[in-house]
Amino acid sequence: MALSGVEIFKHLPKTNCKKCGHPTCLAFAMKLAAKQASLDACPDASEDAKKVLGEAAAPPIRGITIGAGDKAVKTGDEICLFRHEKKFFNPTVFAVAIKDTEAGEAAARKIEAVKTSEIDRVGQKLRVDAIAVIDESGDAAKFASVVKQVVDGAPGVAIILASKNPAVIEAGIALCADKKPLIYAATAENAEAMAKIAKEKKASLALSADGLDALTALSEKVKGLGVDDLVLDPGARKAKDMVEQYTIIRRAAIKKNFKPLGYPVIAFPGRGDSVSEAMAASIGVMKYASIIVLNTIEKWKMLALLSLRQNIYTDPQVPMQVAQNIYKVGDAKENSPLMITTNFSLSYFIVRGEVENSKVPSWLAVMDNEGLSVLTAWAAGKFTASRIAQFIAESGVEKSINHKELIIPGYVAILSGTLEEKLPGWKITVGPREANGLPSFLKARA
Amino acid sequence: MALVIPKETYSGKIYNVQLGAGAKAVTIGGASALPFLAFEGAFPNKPAVALEIMDIAPDDWPETVKKAVGGAGASPAKWAKFCQDNGADMVALRLMGTHPDQQNKSAEEAAKVAAEVAAAVDIPLIILGSGHAEKDTQVLQAAAAATRGKNCAIGKAVEENYKTVAAAAMANDHKLIAMSQLDVNLAKQLNILLTQMGFAKERIIMDPMSSALGYGLEYTYSVIERIRQAALLQNDPMMQTPVMCDIGANVWKVKEVMAPDADVPEWGGLEDRALAWEVITASGMLTAGADMLIMRHPGAAGKIKELIAELMG
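Everything quoted here is computed from the prediction, not taken from an experiment. (Residues numbered from 1 in each chain as written. Chains lettered and ligands numbered in written order. Predicted model: local features only at pLDDT ≥ 70, side-chain atom pairs only at ≥ 80, totals over all residues. Heavy atoms only, no water.)

Enquirer: I'd like a rundown of unusual backbone geometry, residues and numbers included.
Expert: Of the consecutive residues Y184 of chain A and A185 of chain A, the connecting peptide bond is found in the cis state with omega at 10°. Looking at the secondary structure, you find A185 of chain A in strand β8 (residues 182–186). Even without being glycine, Y288 of chain A reaches a positive phi, approximately 80°. The topology assignment puts Y288 of chain A in the loop between α10 (274–286) and β12 (291–294). Among the residues examined, Y288 of chain A registers a relative accessible area of 3% and is labelled buried. Of note in this structure, D173 of chain B is not a glycine but carries a positive phi near 60°. Tracing the chain through its elements places D173 of chain B in the loop between α5 (162–171) and β7 (175–179). (Helix = DSSP H or I, 4+ residues; strand = E, 2+ residues; numbered from the N terminus. Buried < 20%, exposed > 50% of the residue type's maximum accessible area, 1.4 Å probe, protein only.)

In structure tokens:
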């Protein structure tokens, strides 16, 4: 939590020397609190002041990058508990677990699944971003062989090395230290050895403890050993414990600026049943897990989880937009009807869905209105007769159709007269007000 | 540094709303903390899962869910029984056949079906119109009268017809589902209007308008989260009605539950994909704060009941 001006003032020299360019230390403190000045401007700031104020300025949840190169993923650095307060910033990283006992065929299949996991949704490329190699055998050589298989098979993909045995981690990290892997995990028993490896290899380090008190103690200990990039696992595996413990961690970090828990969370919602695993993982996506390690990544499951992640991490202030275009719905022909709507993704999805439901092949003109819905765009003067006319004229749609009839949303029926003036030769038809009226509207015309 | 668990102080509580009568009656609501945070509040009732049936056969439902319903879809009473036997907490009868664009069935026909369904099951009944605001007023009046004494949830009352629908629920001792258009203030406004006409706020269930995963889920999610915060943290009595979400109706019309495997190989198999779509949508609404879900696929409802059990601990 940010310090108030008065709290900052207590740490300043109180000499009112004006060297910072402000009349008094208090005035300077107020500027610092408002983030309109930097402490660097004060030549006499004590080391103590720099430390306290530097910590206060740090994000409540540390941002951590796993992996290297263009497929490195950033997690953490979140500032709120509810997406409507601002937004969730760094989307949950999905990783698939490969046990070292799966070396060979099974591991190869999972690596291939990661490499082909990318889907395109509303213009975003979504994919499984990491692979967690799990030490199941207790055999360092076996573990290292799977790490090698992953490094060779999926170069660039972020790696999580999972073992409680420092010797096993050493064997694995020797093969991928340049990839800035995440080590999972330090425990109360192995903290010193794991911290040493993480420091030497500049890797981030996950902490595993049973419950929040033990996790807090472990976090302070490992931080004291000089590792800054930490990730937390309080041991929650059941959905209820995930919601409760992750909420407490996020709240403590953001509302209380409680540093020992100010790190991203890693979740293991693994289940024997894949739908059950998807459900538990969905709880992690919504309730503050920054990294989720899954047992399996079937395409249907990732489509659902990645879509959920995209929904939850969408900026509530910036509507999702689809590209301006003339979209073909179904097997639209030159005599198929042409409708127009705005490029607010929800408007587009709903209109398109209803047109598909109608089973009447159609052309759907989607106009760029900065992602506003029809009525909002109209009210904001972005969905006007002249703009629509310009868009239709320039879209080239006339080459695809043999008629000149445009169906406009019922809510902007008022535009029809002016639109006919601006689009000479066109017939403007007023469609239904709500998208759910489209099927009967279209069927009645067909 | 020892961790002091940062607890919220809640001044409000969600109303308990009971549906149905007798041994199988179900109460929803009652929460005194944000969803599933049992360390700082009480959750006397688990969220309820209703399975949806219709007064007409589910001919336009996608194949996957139609197959899951099977032969039961041929008769509303048989279908209702099928839902009860498949573990549903409630049955939601949607009188889709009354829609002028569907079979334009009469209010009397709808009332007859409602009575038959009510007689066929002993779990609580939700009675929904077709969504045609004008026609729904007659349909719901008749259906409400035909199921008097069953303590059903009647809906949906919307801005255009809330007076008549609420009157029908009030006259026949039913609870009311009030739906607004995806906006915290509109949800509150409708509850205020209902209260002003004498409908007890403790008998309202709020439907903030659901949306499917990938199709605006985040809007419903945040509206529910904000409703719940207003109810519990700001103690707003007009926001303390339980929340329900119409999951199935929104999910089973999107491309993800219909597109055949061959069209979208990158999306995986249709059966699993469609079921997951309803399950994950439902999980989203539960996590935001929904107290009651209406679902269509019995298998998806079964999985969600498993998740609810896990969340309630």
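There's more to say after this.
Enquirer: Could you give an account of the pattern of salt bridges, with specific residues and numbers?
Expert: All names here are of chain A. Scanning the entire structure with this criterion turns up 47 salt bridges over all chains. Between E105 and R109 there is a salt bridge whose closest N-O contact spans 3.6 Å. With a gap of four residues between them, E105 and R109 both fall in helix α4 (residues 105–115), about one helical turn apart. Exposure class is identical for E105 and R109. Each is exposed. When the shortest N-O distance is used, the salt bridge between E244 and K240 registers 3.5 Å. Residue E244 and its partner K240 are located together in helix α9 (residues 239–255), separated by four residues, close to a single helical turn. (Salt bridge = Lys/Arg side-chain N within 4 Å of Asp/Glu carboxyl O.)

Enquirer: Lay out the sheet that holds strand β14 (residues 338–342) of chain A with the relevant residues and their values.
Expert: The strands that make up a sheet are held in pairs by hydrogen bonds between backbone atoms, and each pair lies either parallel or antiparallel. Residues and elements named next belong to chain A. Taken together, the five strands give an open sheet; going across it, the order is β13-β15-β14-β16-β17, and neighbouring strands pair in mixed fashion. Two strands bound the open sheet, and with one partner strand each, they are β13 (325–329) and β17 (427–430). Direction aside, the axes of adjacent strands within the sheet are offset by 30° on average. In this structure, strand β16 (residues 405–408) lies alongside β17, joined through four bridges in parallel fashion. Among the inter-strand pairings, I408 is bridged to a residue of β17, identified as V430. The sheet contacts of helix α12 (residues 345–358) involve β13, β14 and β15 (362–367), and relative to β13 the element is tilted by about 30°. (Pairing = 2+ DSSP bridges. Axes fitted to C-alpha atoms, helices over the stretch in contact; angles between N-to-C directions. Contact = heavy atoms within 4.5 Å.)

Enquirer: If you had to explain the interface of chain A and chain B to someone new, which residues and values would you point to?
Expert: In this complex, chain A contributes 52 residues to the contact, which on the side of chain B involves 55 residues. Note on chain A versus chain B: buried area summed over both sides is about 4700 Å², and carbon and sulfur give 64% of it. Looking only at chain A, the three residues that lose the most surface to chain B are R251, M279 and W300 of chain A, adding up to 15% of its buried area. When the shortest N-O distance is used, the salt bridge between R251 of chain A and E40 of chain B registers 2.7 Å. Linking chain A with chain B are 22 residue pairs in polar contact (both at pLDDT 80 or more). The set of elements that each furnish at least two residues to the side of chain A that touches chain B consists of β4 (119–121), α8 (212–224), α9, α10, α11 (299–312) and α12 of chain A. Tallying contributions element by element places α9 of chain A first for the side of chain A that touches chain B, with nine residues. (Buried area = accessible area lost by both parts, 1.4 Å probe. Polar contact = N/O pair within 3.5 Å; in protein donor to acceptor, adjacent residues only side chain to side chain.)

Enquirer: Account for the packing of helix α9 (residues 270–288) of chain B against helix α10 (residues 298–312) of chain B, with residues named and values stated.
Expert: All names here are of chain B. One way to put it is that α9 packs onto α10 with a least axis distance of 9 Å and a crossing angle of 35°. As for how α9 packs across α10, the hand of that crossing is right-handed. Contacts from L275, E278, V279, A282, S283 and L286 in α9 reach G299, A300, K303, I304, L307 and I308 in α10. Its residues assigned to classes, the contact of α9 with α10 comprises eight nonpolar, two polar and two charged. (Left-handed = near helix turned anticlockwise from the far one by under 90°. Nonpolar A, V, L, I, M, F, W, Y, C, P; charged D, E, K, R; others polar.)

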